Each structure stands twice: as C-alpha cells, then as structure tokens.
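Analysis of the macromolecular model
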Amino acid sequence: MNVLAFGEVMMRLAVPNYKMLEQTESLEMSFSGTGLNILSSLAHNGVKTHLLTVLPANTVGRTARSFVRKLGVSDERILIEGQHIGSYFLEMGYGNRPSEVTYMDRSQSAFCQVKLSDEAIKTALKDIELLHICGISLSTSKQSRENALNLARIAQELKIMICFDFNYRMSLVKADEHDILIDSYKKMLHYSNVVFGSEKDLLLLLKIEHSDEEQVEVLYRKFMREYHVSFFGGTTKVNEGNRKILQGFLASQSDIVYSQKREIISFDRIGTGDAFAAGILMGLIEDWTLQETVEFASVNAQLSYTTYGDSPIISRELIQAKLMDENIDIIR
C-alpha cells in the first residue's frame, strides 16, 4: 500500500543531557513532524511512504529533505519554495520535570505560507491508497488550514482512505480564531475514515454531550456515529504508584478493544503518540484483528519512549518479540 502524509517538517533543536535551555551552550539538530514520524515508523516496517510538505529553497530545506530520505520516506512529493522552516526548542524532561517545547515563528514557514494548487494536490495523490493529515495543520496558519481541507476534499473525491489525528495544540490557537478552528476540525472529521484522539478532544473541542454516569465507550460511539468514522483510536496514561502506565484503545463500528496496560520508562517523550498511530495503521493496512492491532500499536508506543528523537524507528521484529515475552532482556 502507498501511504501519503501531509504535514509540516520542523527543525528540532534539543538541549542535550536533560539540561534546561539556560544551562547549555550547544543544541542537537534534527527534523520532525507528526506526518514524518508516522511515515518513518511505517517505512521501517516495509510500507511504501511518501511525504507531502513544503520545504524552503535553501540549505536548511535541503538538509531537512535529506533527513526525510534517511528515515526511508520518499521525498519525491515534497515541494520546494520559500525561505523559512518552522523550528522548536526541546528541553527534555527528567523524573518529575516534564518535557517543554518552545515553538519559534511557525506561521511564517514555507509550509504555512505556500498555497497548494488542485493540480499539485492531485499529482501528490497519484497511486495513494491511504492519506494521513495532521490536525496541527489546521492551527498553524489560514493557508495551511485551507490546504489541508482542500487536500481532504480531493482525496475523498478520489475515494482515498483518510486518516486524521486531532493533535490539538492550545498554544498555537489565537483567541479570535478558536471558532473557525473548531469548524475546520468538524469539516475534516466528516472527510475522515480513521481518527486518532482522546476523550478530552471529544468533550472539550467537539462538545459532544456526555454525562458523568455514562461510560467512555458511549462517548466514543456517539462521536463515531455523528461523523461516520470507521475507526477511532488513542491512548490513556495514568500513574500507578511510582509507575507510569500506558493503555491503547481502538474502536470500530461494531467493537471496542483495549491493549494490555504497559509500563513506560521515558528516555525521550516526543513522538510516542505518533508511534501508536503508526502501529494502528500498520494493523489496518495488513488487515489484522482489532486486538492484534492495538497490542502492536501500544508496544510500538511503549518502546518509542526508550529511543532518542521524534521519529519512531522500532522494527516489527522487536515489537513481536516484546509481544511474545514482555520481560525479554536480550535478543541474540
């Protein structure tokens, strides 16, 4: 299957050795973004992946493009235009201190400023069977929002399966654009077949009615019926004593399943939700059962907490070994 993701590629500037920004004189540079992260995971497991984004026509853009190729993702559908790339500083959390991300002027990036023509969109969608759109693209600029919605409209007309990830970022939303953004989310959801999100997304963004007495599964059902979504998935994280526990869920039109609860130990916390989403897509692509799919996805997320960088690179073989033996220590 050919998978295309639409999303911004950003420059990640990480503070090394779990220091805070004020404590360092050096930064570690890489490139990331939800779409690229998901494609990276799929590419590492044998799926043909393509990225649709806009990178600047300069050395930074060329460096970002080479990073995309290094992850095994095709760069043939990347557009080169403009002079700016979005960036963020990452202060990696340690122990009780959370990780902190500081965005730098995303709205002026080439991705957020360049209009995608219908012709460019149709060219990018050629031979594509599954399209992933990141919800952040609805928040970063008026142009990126219009591009995302137009892409979804054309993909639906071409009968391409559409996957949408809420990825709501409050820090990116201007107060006077909140209503416009929520309306855009609703439009996008009506195009979507597969959705990733959370209970909070449904309650706080979509304002779906749900009483405290009702189980969360009732809320998921209401959402899926209203927007005609085929699959809805996500993760929950809770503390059990000193242990942090992750559990994934996946709902279809007829069933809801949950993964085993798995302990997470964090080395790098960014990109783990993308690893879960990629695991779900892997199962849907290969037509696994719901239970097989959510277990694979939750282990992919769990192991991604232990690797450095945003883009998941865990192999199918390692995930399957972990599924066979939760306590596996050495693979020889």
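Here is a short report on the structure shown in this document.

Parameters at a glance
Sequence order as written defines the numbering, with residues in each chain counted from 1. The model is predicted, so local features are restricted to residues of pLDDT at least 70 and side-chain atom pairs to those at 80 or more, both for listing and for counting; the totals for chains, interfaces and linings are taken over all residues. With hydrogens and water excluded, all non-hydrogen atoms of the structure serve as input to the side-chain values. To get an axis, a line is fitted to the C-alpha atoms, and for a helix only the part in contact is used. The angle between two axes follows their N-to-C directions and goes from 0 to 180 degrees. Starting at the N terminus, helices and strands are each numbered in turn, a helix being any DSSP run of H or I of at least four residues and a strand any DSSP run of E of at least two. Any angle that falls under 35 degrees is termed roughly parallel, while one over 145 is termed roughly antiparallel, one within 65 to 115 roughly perpendicular, and all others oblique. Contact criterion: two residues are considered in contact whenever any of their non-hydrogen atoms come within 4.5 Å of each other. Residues are sorted three ways: Asp, Glu, Lys and Arg are charged, Ala, Val, Leu, Ile, Met, Phe, Trp, Tyr, Cys and Pro are nonpolar, and all the rest, Gly among them, are polar. By definition, a salt bridge exists where a carboxyl oxygen of Asp or Glu is found within 4 Å of a side-chain nitrogen of Lys or Arg. Each residue is assigned to one of three classes by its accessible area relative to the maximum for its type, calculated with a 1.4 Å probe on protein chains only: buried under 20%, partly exposed between the two thresholds, exposed over 50%. Under the convention used throughout, the expected extent of a helix is 1.5 Å for every residue step, that is, one less than its residue count. Working definition: a ring pair exists when centres of Phe, Tyr or Trp rings (six-membered ring for Trp) sit within 6.5 Å. Plane angles under 30 degrees give stacked, over 60 give edge-to-face, the rest tilted. The pairing criterion for strands is at least two bridges between them, as found by DSSP.

**A look at the packing of helix α6 (residues 178–191) against helix α8 (residues 216–227)**
The geometry of α6 relative to α8 is characterised by a closest axis approach of 8 Å and an angle of 80° between their N-to-C directions. If you check the angle between α6 and α8, you find them roughly perpendicular. Between α6 and α8, the residues in contact are K186, L189 and H190 and F223, E226 and Y227, respectively. For the contact of α6 with α8, a count of residues per class yields three nonpolar, one polar and two charged.

**What about the pattern of salt bridges?**
Any two side chains of opposite charge can pair if their charged atoms end up close together. A complete count under the given rule lists 16 salt bridges for this structure. Between D310 and R12 there is a salt bridge, with its nearest N and O atoms 2.3 Å apart. In this pair, D310 is assigned in the loop between α10 (290–304) and α11 (316–324) and R12 in strand β2 (residues 10–14), connecting sequence segments 298 residues apart. As far as the burial class goes, D310 and R12 line up, both buried. A salt bridge links R153 to E157; the shortest N-O distance between them is 3.0 Å.

**Re helix α5 (residues 142–157)**
Taking 1.5 Å of rise per residue, the 16 residues of α5 would be expected to cover 22 Å, and the 23 Å separating its terminal C-alpha atoms lies within 8% of that figure. Considered for burial, the residues of α5 that qualify are Q143, S144, R145, N147, A148, L149, N150, L151, A152, I154 and A155. Of the residues trailing α5, K159 is marked for its positive phi of about 60°.

**Examining the packing of aromatic side chains**
Summed over the entire model, instances satisfying the criterion amount to 17 aromatic pairs. For the pair F6 and F111, a centre-to-centre distance of 5.0 Å together with 40° between the ring planes defines the contact as tilted. Of this pair, F6 sits in strand β1 (residues 2–6) while F111 is found in helix α3 (residues 110–113), placing the two residues 105 residues apart along the sequence. Here F6 matches F111 in class, with each residue buried. Considering the side-chain rings of Y220 and F232, the 5.4 Å spacing of their centres and the 70° angle between planes classify their relative orientation as edge-to-face. Here F232 lies in strand β12 (residues 231–240) and Y220 lies in helix α8, a separation of twelve residues in the sequence. Ring-pair connections join several aromatic residues into one group, and the members of that group are F164, F166, Y168, Y185, Y220, F223, Y227, F232 and F249.

**A word on the sheet that holds β2**
In spatial order, the strands read β3-β2-β7-β8; together these four strands make up an open sheet with mixed pairing. Edge positions in the open sheet fall to β3 (28–32) and β8 (100–104), since each of these has one partner strand only. Each strand axis lies, on average, 25° off the axis of its neighbour in the sheet, ignoring direction. Here five bridges tie strand β7 (residues 87–91) to β8, and the two strands are oriented antiparallel to one another. Counted as the bridge partner of L90 is V101 from β8. Its contacts with the sheet put helix α2 (residues 59–70) on β2 and β3, and the angle it makes with β3 is roughly 70°.

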